[in-house]
Amino acid sequence: MIRIIEPRFSEEEKEAILRVLESQQITRGEFTKRFQEEFAHYLGVEYVFTVCSGTVALFIALKAIGVEGQRVVVPALSFMATIDAVYLAGGIPVVVDVDDYYTMDVQQLEDAVKKYRPKVVIPVHLYGQMADMESIMFLSEKYGFYVLEDAAQAHGASFKGKKAGAWGHIAAFSFYASKNVPMGEGGAVVTNDSNLAREVRKWIDFGDHPAFNVRITEFQAAIGTVQLKHLDERNRRRREIARKYASALDINGHLIHPSEREGAYHVFHLYTLRHPMRDKIIEVLKEREIDARVYYPYLLSELRKAEHLPLPRAERFKRELFSIPVHPYLTDREVDYIVESLASVVACV
Ligand SMILES: Cc1ncc(COP(=O)(O)O)c(C=O)c1O
């Protein structure tokens, strides 16, 4: 089976892990410090705090802002952690529709902001492409809300030359095994705001109020440091594969490929298409040993019974979306095989 997502490690990670062991310091050491510095430099942000998961990163970012009893806007399409973190932090989510790039619909966001006066808005850079952060930051200035980027799927993505994680007041990353920078488990809260950074620190270093231990180990940081070094070249490979997929033949014209927003650099965490017969397509691809899956088979509003605006796009997309393998370790032969299989499947469904 050609796996949909596949982290891969080499001698470099092995050596890094050995260095951790030899250092006799397996947590709170040089590797974590170094990863934080290098990731901050890579993103172009001031502060990076590694934590144990993306979900915890979102939770701490929301706690740092303070959302108890306050409205928080999230898009309908995302992994459940985006909305779960809002509930866990004591916020009240409001769900809005997505645009044709599967990210937060900016027009509807403004409607939601006028109606609910949220304290925070969480754009999700879904599948590796950034939301329209320029418009979202404009609305943030106009109405005075915080922007927390959910960049769990967007390491290295950018919009108008600025990286995911560097646009909002604060951002959350995940380093879960499937992500573009995998550590096994892990996450980071990143910000340029010294006040927010001070609040974030209280959740990490124990002190002012009850808090969890959310640290990563030196092993995770060591793997992350090696993976980060290769991020750009692997993202380029993902884009190259995506370009080949985009040329897959579709004689019936029902297949909708992902498109890149003007000014955006998509890093294809996932290659997500749409087709009215997607269940059949997935079935046939699986018979051909190609893993295809639905990200996500739910809308956040229905999953957690949250308040929402009308969601016509997300409702339709949910029935049509499917993702195919796009990880950077696919061989050219595998890519050709996937293109060929996809073309022949859509020709007969
Ligand atoms: C969009 C999004 N947000 C948040 C998360 C949560 O990250 P984690 O699994 O590291 O808790 C993930 C990934 O799993 C994700 O894809």
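Residues numbered from 1 in each chain as written. Predicted model: local features only at pLDDT ≥ 70, side-chain atom pairs only at ≥ 80, totals over all residues. Heavy atoms only, no water.

Q: Just give me the short version of the packing of aromatic side chains, but keep the residues and values in it.
A: Evaluation of the coordinates by the stated rule reveals 15 aromatic pairs. Where Y245 meets Y271, the ring centres are 5.0 Å apart and the plane angle is 75 degrees; that geometry is what we call edge-to-face. Of the two residues, Y245 sits in helix α9 (residues 231-246) while Y271 sits in strand β11 (residues 271-274), which places them 26 residues apart along the sequence. Across the pair, Y271 and Y245 agree in class, each one buried. Relative to Y271, the ring of F268 has its centre 5.7 Å away and its plane inclined at 25 degrees; by these criteria the two rings are stacked. The burial state of F268 is the same as that of Y271; both residues are buried. Counting every residue linked through ring pairs, the aromatic cluster contains F35, F39, F173 and F175. The ring of W167 carries the charged tip of K162 above its face, separated from the ring centre by 4.8 Å. Over the aromatic face of Y42 sits the side chain of K163, whose NZ or CZ is 4.2 Å from the ring centroid. (Phe/Tyr/Trp six-rings, centres within 6.5 Å; stacked < 30°, edge-to-face > 60°. Helix = DSSP H or I, 4+ residues; strand = E, 2+ residues; numbered from the N terminus. Buried < 20%, exposed > 50% of the residue type's maximum accessible area, 1.4 Å probe, protein only. Lys NZ or Arg CZ within 6 Å of the ring centre and 35° of its normal.)

Q: Tell me what's going on with the pattern of salt bridges, and back it up with residues and numbers.
A: Considering all chains together, one arrives at 26 salt bridges under this definition. Between E199 and K202 there is a salt bridge whose closest N-O contact spans 3.0 Å. Of this pair, E199 and K202 both sit in helix α7 (residues 194-204), three residues apart, which is roughly one turn of the helix. Residue classification places E199 among the partly exposed residues on the basis of a relative accessible area of 23%. (Salt bridge = Lys/Arg side-chain N within 4 Å of Asp/Glu carboxyl O.)

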